[in-house]
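# Summary of the model geometry
Each chain is listed here by its residues.
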Amino acid sequence: MHALCGENGAGKSTLMKILYGMQKPDEGTITVDGAQVSFGSPADAIARGIGMVHQHFMLADNLTVLENVVLGGEKLHGIGSRARKKIQEISDAYGLGIRPDVLVEELGVADRQRVEILKVLYRGARTLILDEPTAVLVPQEVEALFDNLRELKSEGLTVIFISHKLGEVLSVADEITVVRRGTTVGSADPRTTTSRQLAELMVGSELPSPETRESTVTDVPMLKVEDLRLTATDTDGVVRDVLADIGFTIHQGEILGIAGVEGNGQAELVEAIMGLRDPDGGVITLDGTDISHAPTRTRRESGIGYIPEDRQRHGLLLEAPLWENRVLGHVTEAPNSRRGLIDGKAARLDTERIVREYDVRTPGIEVTAGSLSGGNQQKLIVGREMSHHPKLLIAAHPTRGVDVGAQAQIWDQIKDARRDGLAVLLISADLDELIGLSDTLRVMYRGRLVADADPATITPEELGSAMTGAATGHLAHTVPPQRDGATSETAGTGETGETAGEAR
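First things first, this report covers the structure right here in the doc. (Residues numbered from 1 in each chain as written. Predicted model: local features only at pLDDT ≥ 70, side-chain atom pairs only at ≥ 80, totals over all residues. Heavy atoms only, no water.)

Attention shifts here to the overall build of the protein. Along its length, the protein carries 20 helices and 21 strands. In summary, the protein has a C-alpha radius of gyration of 23 Å against a globular reference of 23 Å for 504 residues, a match within 12%. Buried residues in the protein amount to 52% of all 504 residues. Here the protein displays about 22400 Å² of accessible surface, and carbon together with sulfur accounts for 48% of that area. Of the side chains in the protein, 52 bear a positive and 75 a negative charge, and the two mean positions are spaced by 5 Å. (Helix = DSSP H or I, 4+ residues; strand = E, 2+ residues; numbered from the N terminus. Rg over C-alpha atoms; globule rule 2.2 N^0.38 Å. Buried < 20%, exposed > 50% of the residue type's maximum accessible area, 1.4 Å probe, protein only. Areas by Shrake-Rupley, 256 points an atom, 1.4 Å probe, with all protein chains shown as cover. Lys, Arg positive; Asp, Glu negative; His and termini not counted. Charge placed at Lys NZ, Arg CZ, Asp CG, Glu CD.)

Structure follows, in structure tokens:
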């Protein structure tokens, strides 16, 4: 298991695309099993036993899981019962939990990733390239994935593992190669290298921490959600609750973190607050104004910023230049428009400012968003949303797929805005990020807020356990010594999440 590390734009994904036949190198050689090879297409790489799971998934939303897996590999096991049986065998063998007949558009990010891994294994890959495979997984899921990878390795498979999560790299890799600005700058032995040393080798700086030391929470409510309910009709025509009895308040200067395994209602909660879904019940109030059924544009103009969980599907137009992407979501606001018309000159100037201030690595603002690395796309989105000085920021996985340097920058931007009164709804699969940034933590499970925790005392392991439904109520850290004023009775409280939140 060989790990490849480097900052955003260092060339990791480009190198992997060359190994997978998606790009042709200008010079140099590639050798597989002792034989020099030249790949003209991914089909050539697949024929040599190389499979790749991309950071941004290559799946057709309008097809089922089974159709996506067999697409292009119809000759392997057909497209019917044999293919279904093979998919189920692989899914069961590696604990992927694949449902063959579900449309991909109905899957969350974590489930899409499992489909991609299965698609590679289905084609008989002997070398797996995994680009940021743990970006949206909770600790238990990460460990399960690593167990699967170790099993693959024990069966003679090779894994190339690209990740920004240095702790994971050190725990799972046999060898580490570090690239910076398109060049190999060194290698590291995970048995003798620390996260700090690896971070310095990657970006020339220390490992950042999301920890927020001072409290800036005020008593002025910015977002209030009361008894929110959202339903959906499943394929059998049965109406079920996607969200039920959701209630919380975010004050000015407060970051509320929502923890939960992918697919437990976090995405639907965000869509309800953004106006992308109309709730079936409850009230959403922004800065004293009822916005429960207001259009999305009205909510945007009222001061809601939005960092979506999937930047390529919901945050960018990949074929459009950067300055046009800067306008997205804010077409009626300065500096993007004047007297009802798009002001291209002002939008371009402001895009240049965002590129400069947020360190977006790009040759210019006329290049397409799709030509940037994932981390630089994320910095552009963060810059765009923060530029309008929002009252409320909805941040879903704000540092997914970005390097340690960019991570620190995004965290600092959020902290600075919080200090100036920004209210933040933070949803993240990075539990260290959730615990470090949040003033208040709630756990979502099956569409309900089932527990709350104090970020000052909770551990990632305890939070991860609660996310699987193993704990409810107020999560108190059970290992002494406890904080001043805490008693052993508090640890055993049976409060519901809502009651505990109100009490606090």
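Let us keep going from here.
Its place among the elements puts Ser171 in helix H8 (residues 166-172). Of the residues examined, Ser171 reaches a relative accessible area of 47% and is grouped as partly exposed. Put simply, Ser171 and Phe146 are 25 residues apart on the chain and 9.4 Å apart in space, counted from C-alpha to C-alpha. Setting aside its immediate chain neighbours within four residues, Ser171 contacts Phe146 and Arg150. (Contact = heavy atoms within 4.5 Å.)

What follows deals with helix H5 (residues 81-93). Its 13 residues place the ends of H5 18 Å apart at the C-alpha level, agreeing with the 18 Å of an ideal helix rising 1.5 Å per residue. Here H5 has its buried residues at Ala83, Ile87, Ile90 and Ser91. For H5, the arc enclosing every buried residue in end-on projection is 100°, short of the 170-degree limit, so these residues lie on one face. Within H5, the exposed residues directed more than 90 degrees away from the buried face are Ser81, Arg82, Lys85 and Asp92. Looking one or two residues past H5, Gly95 carries a phi angle of roughly 60°, positive in sign. (Expected span 1.5 Å × (residues − 1). Arc of directions from axis to C-beta.)

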